[in-house]
Amino acid sequence: MDKKITKINKAILIIEDEEETGRLLGRFLSRYFEIVFTEQNLKSGMLSILNSSPDVLILDNNLPDGNGVENIQNFLSAAPEMKIIVISAMNYLGKEAIQKGATDFVEKPIALPHLLHSVMDAVES
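Here the structure is a predicted model, which is why all the values come from computation and not from measurement.

Attention shifts here to the environment of L50. Take L50: it is sitting in helix α2 (residues 42-52). For the pair formed by L50 and A78, sequence separation is 28 residues and the distance between their alpha carbons is 6.5 Å.

This part covers the sheet that holds strand β3 (residues 56-60). Spatial strand order, β2-β1-β3-β6-β7: 5 strands in an open sheet with parallel pairing. The strands lining the two open edges of the sheet, one partner per strand, are β2 (33-39) and β7 (104-107). Taken pair by pair, the neighbouring strands of this sheet meet at an average axis angle of 20°, ignoring direction. As defined by bridge partners, strand β6 (residues 83-88) adjoins β7 across 4 bridges and the pair is classed as parallel. Along β7, the bridge assignment pairs I85 with D104. Sitting on the sheet, helix α5 (residues 112-124) is in contact with β1 (8-15), β2, β3, β6 and β7, with an inclination near 160° to β6.

What follows deals with the nonpolar core. Core analysis: the largest hydrophobic core is formed by 21 residues, its most contacted members being L57, L59, I72, F75, I84 and V86. In this view, F75 contacts I15, L42, G45, M46, I49, L57, L59, M82 and I84; residues no more than four positions away in its chain are not counted. Core analysis: the second largest hydrophobic core is formed by 18 residues, I12, I58, I87 and V119 among them.

Moving on to unusual backbone geometry. Glycine aside, a negative phi is what most residues show, and trans is what most peptide bonds show. Of note, the bond from K108 into P109 is cis; its omega dihedral lies within 30 degrees of zero at 0°. Position of P109 relative to the elements: it lies in the loop between β7 and α5. Even without being a glycine, S53 presents a positive backbone phi close to 45°. Relative to the helices and strands, S53 is located in the loop between α2 and β3.

Conventions and cut-offs
Residues numbered from 1 in each chain as written. Predicted model: local features only at pLDDT ≥ 70, side-chain atom pairs only at ≥ 80, totals over all residues. Heavy atoms only, no water. Helix = DSSP H or I, 4+ residues; strand = E, 2+ residues; numbered from the N terminus. Pairing = 2+ DSSP bridges. Axes fitted to C-alpha atoms, helices over the stretch in contact; angles between N-to-C directions. Contact = heavy atoms within 4.5 Å. Core = buried A, V, L, I, M, F, W, Y, C linked by side-chain atoms within 4.5 Å. Buried < 20%, exposed > 50% of the residue type's maximum accessible area, 1.4 Å probe, protein only.

So this is what it looks like as structure tokens:
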């Protein structure tokens, strides 16, 4: 018998241009969090942040309208309390992402348990 998981009342925004990856991450995280939504570019992501004030942003780096890491400060200016987790296959960006204000960096391909651990750490900090 499966135990029912009590969802955490936090909002998670995923900005990921690869539709299937965004959908997969969204479905996985919606098992644990009350509100999970996705956007596919920086512009729509910023609008979602301004309208919804998510607790955690999962931010892909390579997006059609720019680089996520280069926009970390813009997102933090819009929502200073929001935690940002950058996801990218370019592991050398991890240090830069943290220096620019990200809470964590998760390398692609994403291990879902690792991502969940990172998001849980972010919502608890």
